[in-house]
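Close look at the chain arrangement
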Amino acid sequence: MRNLWRWIVAGLVLRLSKKREVHREVDLPADPGAETWTAALLFAAALAGLAFVAIYAFDDADTQLLGLSIAAALALIAAALILAAVRVVPQETLEEERPRFADPYRDEENREDAVEGAALSFREGTDGVTRRRLLGAAGAAAGVGLGAAALAPLASLGPAVGDRLAASPWKAGVHLVDENDLPVKASDLEVGSFLTAFAKGADKGELATPLVVVRVKPEELELPAERADWAPEGILAFSKICTHAQCAISLFRYPLFAERSPGPALVCPCHYSTFDVLDGGERIFGPAVRPLPQLPLRIEAGELVAAGPLSGAVGASWSRVREEG
Amino acid sequence: MTTRRVFRFLDSRTGGGSVLGKALRYVFPDHWTFLFGEIAMYTFLILVATGTYLALFYEPSTAQVVYHGAYAPLRGQEMSTAYASAVDLSFEVQAGLLIRQVHHWAADVFLAAITVHLMRIFFTGAFRKPRDVNYYVGLTMLVLAVVEGYVGYSLLDDLLSGMGLAIGNAVALSVPVIGGQLGSLIWGGRFPGAPNFFGRLFFVHVFVLPILIATLMAVHLVLIATPRHTQFRGRGRGERNVLGTPMWPAYALRSLGLFFATTAVLFALGGLVQINPIWQWGPYEPWLGTNGAQPDWYLGWLIGALRLMPSFDVVIGNYTLVPNPFWGGVAFPGLIFGFLYLWPTIERRWTGDRRAHNLLDRPRDNPTRTAVGAAVFSLVATVFFAGAADRAFVQFGVPYEDQLWGYRALTVLAPIVVFFLTRALARRLRESGAHPARDSGARLVERPGAISRPTSGRS
Ligand code: FES
């Protein structure tokens, strides 16, 4: 028994030492069939990855289908790689010396040799492969498919835009309330004063909810004809959210000496966009481009009520901001 | 004796002995400008340490609570759990305010150190081959650090951070074509965002970005050590050697000293100089705003760009291709960082110099590069100061609108003027051999017939 063991060990040693003599034993495969299969597997993986994206895009993406499709993509890639490893690329046996944990001698020449050697090793790795183009294309396709599948779930972060960015609680008949949900009365405002109001029953944290309400002398108004009745008793309401970058408009500049100063205006503190109050929120200074959306008002039993929706989109601009209203 | 035993133990198991031996003898050329990078690295360590402490108390939730804490003026007010936890951390956790302020100061110093370090690299030509790859790594860390800082102070959900997020959301929305979707993805809907938005922000701040920065920092260090440090010209110094203090013992002790000095300064600042008193700003709501709001300094150039930008959108029909915040919020920083990323390539193409360089230039040695760098810097500085024009209005009464036009003119003029001035100055200095910060050029002795070569500034 012990003898047998010795023989085995001796045989192994012999076999190992034999290998040492041969630096590199290569067995070139040249198996075009295997290459075709590898490519086919990779293309199939690409399809499976795209299938994942397609399933994901459906509203009620089925978990089983999602799991199956991505697993299929990965498994197909795995199969392709294994097949390529055993049938497509050269099968070689190579011996390497263990590092001796010492500083390897390096000079410029050696380094050049190293680069050459690395490039050569890399090229030799595909010796005997005939359909490089096909395999390359298949690999790229699989990469695209799997990459798409990997990135698609990012879309889960947020909802599709839809009409979310245009949502607004304001329509005819909605009452204006203050921070404590008490109705805002026309008599709460003097000429030159301003206050913040919200849509009754709406979430105050919603971007379109808060308004800035100001009062000017009715005879000063220069509203366009179609807004002639939007400001009863000289009271105007605008979205409080700046159309530049969504800061809250917190300054109302009302001139005490009308002859010498610019007219009443709302000023945003972030980048000083300034909106003319008298002509319905047109921008007169600063980086904002769109006017401040105005809310048509009417007065019912002394309380302020919306007479219609806001005149434009609330908040910062984005690609479709001008399509609404 | 013991040392040797320990080293042998480790070496026989890891083969690290030679590496360690080399590390101990690693040579650092001495120059005071080399300290900025080290300060940045040490500040990062302090950020990680203080941030870990803060994360034990902070709650990333927008759930509304009524405040009943120690700070009387806020009592009874509705606020988010995030803000309440930050206020509690400041008033009710022993040493909480100290650590929070150290963290905030460290962030400001971190960005400052990286910026000055970047300028050192740029103006001395240290970004040239073989260090160009490492220069890109460093630039990327700077970008990440700016984002990390912004996300960090956004987490507190006080009035200022909310206003910053509102603007950030508008900048996201302003990206052509995909902006609406991008903003909705990041915020989980329309601004101010879904309830889980703060959870995401928190995770990005304490995990994703710090790990990216730490990884890049490791790569950065390896890529510094592999070709060894750069050095200025000087006696005995050439392209093929490096002359300086070895790591052990002198440099290690010196550097450790710098670490403790940095920490000391940051803790002194955190303890003595108030920064971001969030209880004064109050909680954020989309309808609340305050006048004179200023971001942290490293975002000052972006608010300046947003403010300087004249009012226009690119609109086709009723399709808004480029909303205004894009110019100041994306295009301008994109341009500056684009320049920085491309500069090594530009310089290589333009000079045809593809060699590796281990010796540093003094700024005057390459007047054109220095002038280009100074011009770009003057542009950024102009825009930065434009962001503080409202402050100048309040302090000195200079009308805001006039200032704005002045700054717009300056963004065009300053870079041009600075370019030619700097180039002329650098040329003069190079010729005279004088050192601007020292007494005179009398030191340089020109031998008749010898070509005057720039010599080291060190004597
Ligand atoms: S957010 Fe109002 S001016 Fe920029």
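Within each chain, residues carry numbers counting from 1 in the order of the written sequence. Each chain is given a letter, starting from A, and each ligand a number, starting from 1, according to the order in which they appear as written. Residues qualify for local features only when their pLDDT is at least 70, as the model is predicted, and side-chain atom pairs are given and counted only at 80 or more; totals for whole chains, interfaces and linings, by contrast, use all residues. Only heavy atoms go into the side-chain values, all of them from the structure, while hydrogens and water stay out.

**Here's the deal with the overall build of chain B**
To be explicit about the condition: Numbering of helices and strands runs from the N terminus, with a helix taken as a DSSP run of H or I at least four residues long and a strand as a DSSP run of E at least two residues long. C-alpha atoms define the radius of gyration in this analysis, and the globule rule sets the expected value at 2.2 Å times the number of residues to the power 0.38. Throughout, exposure labels follow a simple rule: accessible area from a 1.4 Å probe, protein chains only, divided by the maximum for the residue type, with under 20% read as buried, over 50% as exposed, and the rest as partly exposed. Any two residues whose heavy atoms approach within 4.5 Å are treated as being in contact. The charge count treats Lys and Arg as positive and Asp and Glu as negative. His and the chain ends do not count. For this purpose, a charge sits on NZ of Lys, CZ of Arg, CG of Asp or CD of Glu.
Helices and strands together make up the secondary structure of chain B, namely 16 helices and eight strands. Relative to the compact-globule value of 23 Å for 459 residues, chain B shows a C-alpha radius of gyration of 25 Å, a close match. Overall size of chain B, expressed as C-alpha extent along the three principal axes, is 80 × 65 × 40 Å. Buried residues in chain B amount to 49% of all 459 residues. For chain B, restricting intrachain contacts to residue pairs at least 6 apart in sequence, the fraction spanning at least 24 positions comes to 76%. Placing the 39 positive and 26 negative side-chain charges of chain B at their respective mean positions leaves the two points 17 Å apart.

**With respect to the sheet that holds strand β4 (residues 194-199) of chain A**
All names here are of chain A. Heads up, the condition is: The rule for pairing is simple: two strands pair if DSSP sees at least two bridges between them.
Read from one edge to the other, the open sheet built from five strands follows the order β3-β4-β5-β6-β11, with strand pairing classed as antiparallel. Across the chains shown, the open sheet's two edge strands, defined by having one partner strand only, are β3 (176-177) and β11 (294-295). With five bridges joining them, strand β5 (residues 211-215) and strand β6 (residues 235-239) adopt antiparallel strand pairing. Its bridge partner lying in β6, Leu 211 is registered against Ser 239.

**Some words on the interface of chain B and chain A**
Put simply, the rule is: Computed with a 1.4 Å rolling probe, the buried area is the accessible surface lost when two parts are put together, summed over both parts. Just to be clear on terms, a salt bridge is a Lys or Arg side-chain nitrogen sitting within 4 Å of an Asp or Glu carboxyl oxygen. What qualifies as a polar contact is a pair of N or O atoms within 3.5 Å, subject to a donor-acceptor requirement within protein and to the restriction that residues adjacent in sequence count only when both atoms come from side chains.
Taken together, the contacts link 48 residues of chain B with 50 residues of chain A. In total, chain B and chain A occlude about 4100 Å² of area from one another, counting both sides; carbon and sulfur atoms represent 60% of this. Seen at the junction of chain B and chain A, the total is one salt bridge. The partner of Asp 313 of chain B in a salt bridge is Arg 322 of chain A, and the shortest N-O contact between them spans 2.8 Å. The tally of links from chain B across to chain A stands at 16 residue pairs in polar contact (both at pLDDT 80 or more).

**Quick word on the confidence of the model for chain B**
Residue and element names in this part refer to chain B. Formally: Scored from 0 to 100, pLDDT reflects the predictor's confidence in each residue.
The predicted model of chain B has a mean per-residue pLDDT of 91, with 94% of residues at 70 or higher. Low confidence marks residues 440-459, where pLDDT is under 50. Its contacts with residues over four positions away, or in another chain, come to 19 contacts. If you check the scores for this complex, the pTM reads 0.88 and the ipTM reads 0.87.

**Some remarks on the pairing of β5 of chain A**
All names here are of chain A. Buried residues dominate β5, accounting for five of its five residues. As paired elements, β4 and β5 share four bridges and run antiparallel to each other. Following the sheet pairing, Phe 194 is matched in β5 by Val 214.

**A closer look at helix α12 (residues 300-308) of chain B**
The buried fraction of α12 of chain B amounts to nine of the nine residues, a majority that puts the element mostly inside the structure. Contacts from the buried residues of α12 of chain B go to α7 (159-173), α13 (325-351), α14 (367-386), α15 (389-396) and α16 (400-432) of chain B.

**Observations concerning the nonpolar core**
Quick reminder of the rule: Only buried Ala, Val, Leu, Ile, Met, Phe, Trp, Tyr and Cys residues count toward a nonpolar core, and they belong to the same one when joined by side-chain atoms within 4.5 Å.
Trp 170, Leu 176, Leu 211, Val 213, Leu 266 and Leu 295 of chain A together with Phe 110 of chain B are the most contacted members of the largest nonpolar core, which has 139 residues in total. Among the elements that take part in this core, helix α5 (residues 96-123) of chain B stands out by supplying twelve residues, more than any other. Apart from residues no more than four positions distant in its own chain, Leu 266 of chain A is found in contact with Val 212, Val 214, Phe 238, Ile 249, Leu 251, Phe 252, Ser 273, Thr 274, Phe 275, Val 277 and Leu 292 of chain A. Listed in part, the 13 residues of the second largest apolar core include Ala 39, Ala 84, Val 88 and Ala 142 of chain A.

**Looking at the state of the cysteines**
All names here are of chain A. Basically, it comes down to this: What counts as a disulfide here is a pair of cysteine sulfur atoms lying within 2.5 Å.
One pass over the structure, following the stated rule, counts one disulfide over all chains. Here Cys 247 pairs with Cys 270 through a disulfide, and the sulfurs are 2.0 Å apart. Disulfide Cys 247 to Cys 270: torsion about the S-S bond roughly -75 degrees, handedness left-handed. With Cys 247 in the loop between β6 and β7 (251-253) and Cys 270 in the loop between β8 (265-267) and β9 (274-276), the pair connects residues that are 23 residues apart, well separated along the chain. Residue classification places Cys 247 among the buried positions, given a relative accessible area of 2%. Accessibility expressed as a relative area gives 4% for Cys 270, which makes it buried.

**A few points about the packing of aromatic side chains**
Residues and elements named next belong to chain B. To keep it simple, the criterion reads: Pairs were defined over the aromatic rings of Phe, Tyr and Trp, the Trp ring being its six-membered one, requiring ring centres within 6.5 Å. Orientation was assigned from the angle between planes: stacked under 30 degrees, edge-to-face over 60, tilted for the rest.
A complete count under the given rule lists 38 aromatic pairs over all chains for this structure. When the centroid spacing of 6.3 Å and the interplanar angle of 25 degrees are considered together, the rings of Tyr 136 and Tyr 341 count as stacked. Note that Tyr 136 is positioned in helix α6 (residues 132-154) and Tyr 341 in helix α13, a separation of 205 residues in sequence. Classification of Tyr 136 as partly exposed rests on a relative accessible area of 25%. The exposure class of Tyr 341 is partly exposed, given its relative accessible area of 27%.

**Regarding the pattern of salt bridges**
Residues and elements named next belong to chain B. Under the criterion given, the structure shown has 14 salt bridges over all chains. A salt bridge links Asp 30 to Arg 254; its shortest N-O distance comes to 2.7 Å. Within this pair, whereas Asp 30 is found in the loop between β1 (27-28) and α3 (35-55), its partner Arg 254 is found in helix α10 (residues 247-272), the two being separated by 224 residues in sequence. Asp 30 sits in the partly exposed class, given a relative accessible area of 25%. Its salt-bridge partner being Arg 128, residue Asp 361 comes within 3.4 Å of it at the nearest N-O pair. Separated by 233 residues along the polypeptide, Asp 361 in the loop between β8 (359-360) and α14 and Arg 128 in the loop between α5 and α6 bring together distant segments of the chain. Here Asp 361 falls in the buried class, since its relative accessible area comes to 7%. Among the residues examined, Arg 128 registers a relative accessible area of 11% and is labelled buried.

**A word on unusual backbone geometry**
With omega at 5 degrees, the peptide bond leading from Lys 129 of chain B into Pro 130 of chain B counts as cis. The topology assignment puts Pro 130 of chain B in the loop between α5 and α6. With omega at 0 degrees, the peptide bond leading from Trp 248 of chain B into Pro 249 of chain B counts as cis. Within the element layout of this structure, Pro 249 of chain B appears in helix α10. Positioned with a positive phi, Gln 246 of chain A is a non-glycine residue whose angle comes to about 75 degrees. In this fold, Gln 246 of chain A is placed in the loop between β6 and β7. Among the residues examined, Gln 246 of chain A registers a relative accessible area of 2% and is labelled buried. Positive phi is not limited to glycine here, since Ala 301 of chain A has a value of about 50 degrees. Of note, Ala 301 of chain A is situated in the loop between β12 (297-300) and β13 (303-306).

**Remarks on the side chain of Arg 190 of chain B**
Positionally, Arg 190 of chain B belongs in the loop between α8 (179-187) and α9 (197-225). Separated by 2.9 Å, the side chain of Arg 190 of chain B and the backbone oxygen of Leu 165 of chain A make a polar contact. A polar contact of 2.7 Å, which involves the side chain of Arg 190 of chain B, links it to the backbone oxygen of Ala 167 of chain A. Contact partners of Arg 190 of chain B, with chain neighbours within four places excluded, come to Arg 164, Leu 165, Ala 167, Glu 206, Leu 207, Ala 208 and Val 314 of chain A.

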